[in-house]
Amino acid sequence: MKTTFREKSVLITGGSSGIGLALAKKLASEGAKIALLARREERLVEAEKEILQFVRRSDVLVGKISADVSDEKSVKDGIAAYIQRNGVPDILINSAGVSRPGMFEDTSAEIFRWMMEVNFLGTVYATQAVIPGML
């Protein structure tokens, strides 16, 4: 059975680049309504332009939420404002992530903390923001 994303609302953290952007393009081409959450407003604008090239229907929109996933208030306020305007997304894809390659012994605790804040807590904050409405 093939899953259809037509008219589904999909919120993607880290959606302005990498895997998140690739997923946004694919889902938009299948008729999903896309909302991107990322830190840099200018990158969100560029990502929106890229995604719109894959849209086949005029009613498919791309929403943008400028927020840093490692900042709980930023994420929750941004998602709450989006939900107030557009409703609760049907699907949340937590794709924001960072890495700092290097040897363990050469990596500072600050770098590990930063990676945990983005990769783990960013997922927690975004999920906490949407789950009440999804349930």
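Worth saying up front: this structure is predicted, and the values here are computed from it rather than measured. (Residues numbered from 1 in each chain as written. Predicted model: local features only at pLDDT ≥ 70, side-chain atom pairs only at ≥ 80, totals over all residues. Heavy atoms only, no water.)

A. Here's a closer look at the nonpolar core. Among the nonpolar cores identified, the biggest contains 16 residues, and Leu11, Leu37, Ile65, Val69, Val75 and Ile79 are the most heavily contacted of them. Taken together, the elements giving at least two residues each to this core come down to strand S2 (33-38), helix H3 (72-86) and helix H4 (109-134). The element contributing the most residues to this core is H4, with 5 residues. Other than its neighbours up to four places away in sequence, isoleucine 79 contacts Leu11, Leu37, Ile65, Ala126, Ala129 and Val130. Listed in part, the 15 residues of the second largest apolar core include Ala24, Ala32, Val55 and Val62. (Core = buried A, V, L, I, M, F, W, Y, C linked by side-chain atoms within 4.5 Å. Buried < 20%, exposed > 50% of the residue type's maximum accessible area, 1.4 Å probe, protein only. Helix = DSSP H or I, 4+ residues; strand = E, 2+ residues; numbered from the N terminus. Contact = heavy atoms within 4.5 Å.)

B. Structural view of H3. Over its 15 residues, H3 extends 21 Å from the first C-alpha to the last, a length consistent with the 21 Å expected when each residue adds 1.5 Å. Among the residues of H3, Val75, Gly78, Ile79 and Tyr82 are the ones counted as buried. All buried residues of H3 project into a common sector of 95° when viewed along the axis, lining one side. Looking at H3, the residues exposed on the side facing more than 90 degrees away from the buried face are Lys73 and Gln84. Against the buried residues of H3 lie strand S1 (9-13), S2, strand S3 (62-66) and H4. Taken from the residues just after H3, glycine 87 is the one with a positive phi, measuring 90°. (Expected span 1.5 Å × (residues − 1). Arc of directions from axis to C-beta.)

C. Molecular detail of the confidence of the model for the protein. Confidence along the protein averages 92 in pLDDT terms, with 95% of residues attaining 70 or more. For the protein, the element scoring lowest by mean pLDDT is S3, at 91; strand S4 (residues 91-94) scores highest, at 98. (pLDDT = per-residue confidence, 0-100.)

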